[in-house]
Amino acid sequence: MPGSGIAGDRRRLAAVVGLIVLVGAVPLWGGRVQLGPVPLDAVIACMALAVALAVPLLVREGAGGLVRIGAETPILAFLGWSMLATVVAGIGADALATWVRYAAYATVVVIAGTALTDARARRAVMRACAASSTVVAGMGLLQYLNPREGLGMSGLGIEIATRVTGTYDNPNFFSEYLVLSLAVTIALLLTDRGSWRLAGGGMLIIQLLALLLTYTRGSWIAFAVGCVAGLSMVSARLTGAFVAGSAVMLPLVPGALARITSVASLEGTASFRLRLWRVAGRAIEQNPVFGVGIGRFYDAFRSVVLSSPDLQVGYLIFGAHNSYFQVTAETGLPGGLMFVWMVVALCSMGWYYNARLPRRSPEALANAALTVGLVAFALNALTSNSFQHPRGAFLFFVVAGLQAAVGSRVLRSREQVAPTVVLRGPAATSLAARAFDSLRAAFATAWAASATRVALIGRTRGGGDVYGSSVALGRIIGGRGRGDVGSD
């Protein structure tokens, strides 16, 4: 229960420990070991541990005690359709393992949301995440200071010493993880106190430097858009300051300005991505309803390039460089649309909570910060296989669970949207202030009537209680449970 803490609650404490191990160990452990026929890496091992440690808590709470997420319907729809698509295509070990991974992600959202409704538990997990990511980011800074051949230098100018990777195999993978860890660190910085807040500032700087030194344009742009989305929940003035500050600071990073301006070029990696997207498009065209089975994009890729000379890219195995195209090729157009629905639903919950949480409260600030990471990662997936890279993707679902925990009371309470703030006092008497207030009032009127606002902050389907009202789930984990997590 919120406010009751986790002291003496061994089941909740076990779930929190599992989450701490998950967010702490995955970034640090980059290798893989073979356990008999099973390849064991950090994501597999730590997610299995997190789920196992959370089972006693989930059983005690029951279906009715699970946190309300607001995205349960698209999550279940995607998992159901992707399993059907895989059965139609023919179940294999790789396909089944991939489906289980997505199911585990969905489970982690529920575990994090249910276990972390207590603010102290949330801070413990966020501190572990921030500390681990700072260690890995520090390793990236050392790589930049001691560059060596092979760290992502292909096709880049001589002014770029190296593209850092930390413990990750690729600078792109590293940057995808960092946009999420930065959001968690920002949330920690905004809600923590004393020396922890000071430490949070230092960790934020180290991680931000590491993100810049990955020289990953997609992640830079995605993180900037995520920051604008999060800051807009707090203050329009902060959004303007961020844009201005970024414009001033970016040229100070060696090679960064040239890297950003090259986004508009259709040469090099941009041209290669377009060809990969054409291959993915042909694969979707060939299997539009059920796809080739989840986790089997490489098979589809090989088939397309071997049968279509006009789509040769120089490789027989390669990702789509777009998570949404890749999932669509694997699960068909219905599965792809359901996957997009799931991601958008998880990202948009931040606006739903923001309209109802007390303005500038710790919960509202944490919600805005976590939205930064979710939006950034989702946008990153437009130009990368972000959701197919487990060491980054796992954190997307942990962050979604953290956000569900932050807003847990909102989905239990009555509909209540925060009022629009108006200028008061001496500032309201100036001509400029009146003009600005008039523009803001006009925008607010248009926004209140827009379909976008309804989609973002309107009442969620089922009130987020799809899991809690499920008879089947109730039987699996012990019935309705002892009550609503997040209720007073």
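A brief structural summary. (Residues numbered from 1 in each chain as written. Predicted model: local features only at pLDDT ≥ 70, side-chain atom pairs only at ≥ 80, totals over all residues. Heavy atoms only, no water.)

We now examine the overall build of the protein chain. Secondary structure assignment for the protein chain yields 18 helices and 2 strands. Out of the 488 residues in the protein chain, the part that is buried amounts to 50%. (Helix = DSSP H or I, 4+ residues; strand = E, 2+ residues; numbered from the N terminus. Buried < 20%, exposed > 50% of the residue type's maximum accessible area, 1.4 Å probe, protein only.)

Turning our attention to the side chain of S133. Counting through the fold element by element, S133 comes out in helix 5 (residues 119-145). Contact partners of S133, with chain neighbours within four places excluded, come to Y177, S181, T185 and Q207. (Contact = heavy atoms within 4.5 Å.)

The subject of this paragraph is the nonpolar core. Membership of the largest hydrophobic core comes to 107 residues, with the highest contact counts inside it found for L116 and F396. When sequence neighbours within four positions are dropped, the list of residues in contact with F396 reads L180, V343, L346, C347, L374, F377 and F387. Grouped together as the second largest cluster of nonpolar side chains are 16 residues, F297, V304, V305 and L311 included. (Core = buried A, V, L, I, M, F, W, Y, C linked by side-chain atoms within 4.5 Å.)

Overall, the coordinates contain 21 aromatic pairs when judged by the stated rule. Between the aromatic rings of Y324 and F339, the centroid separation amounts to 5.9 Å while the plane-to-plane angle is 55°, which identifies the pairing as tilted. Residue classification places F339 among the buried positions, given a relative accessible area of 0%. Between F377 and F396, the ring centres sit 5.6 Å apart and the planes meet at 35°, which makes this aromatic pair tilted. Of the two residues, F377 sits in helix 14 (residues 362-380) while F396 sits in helix 15 (residues 390-406), which places them 19 residues apart along the sequence. Residues F377 and F396 agree in their burial class; the two are buried. Of the aromatic side chains, those joined through ring pairs into one cluster are F78, Y102, Y105, Y324, F339, F377, F387, F396 and F397. Across the ring face of Y102, the terminal group of R101 is positioned such that the distance to the ring centre comes to 5.2 Å. (Phe/Tyr/Trp six-rings, centres within 6.5 Å; stacked < 30°, edge-to-face > 60°. Lys NZ or Arg CZ within 6 Å of the ring centre and 35° of its normal.)

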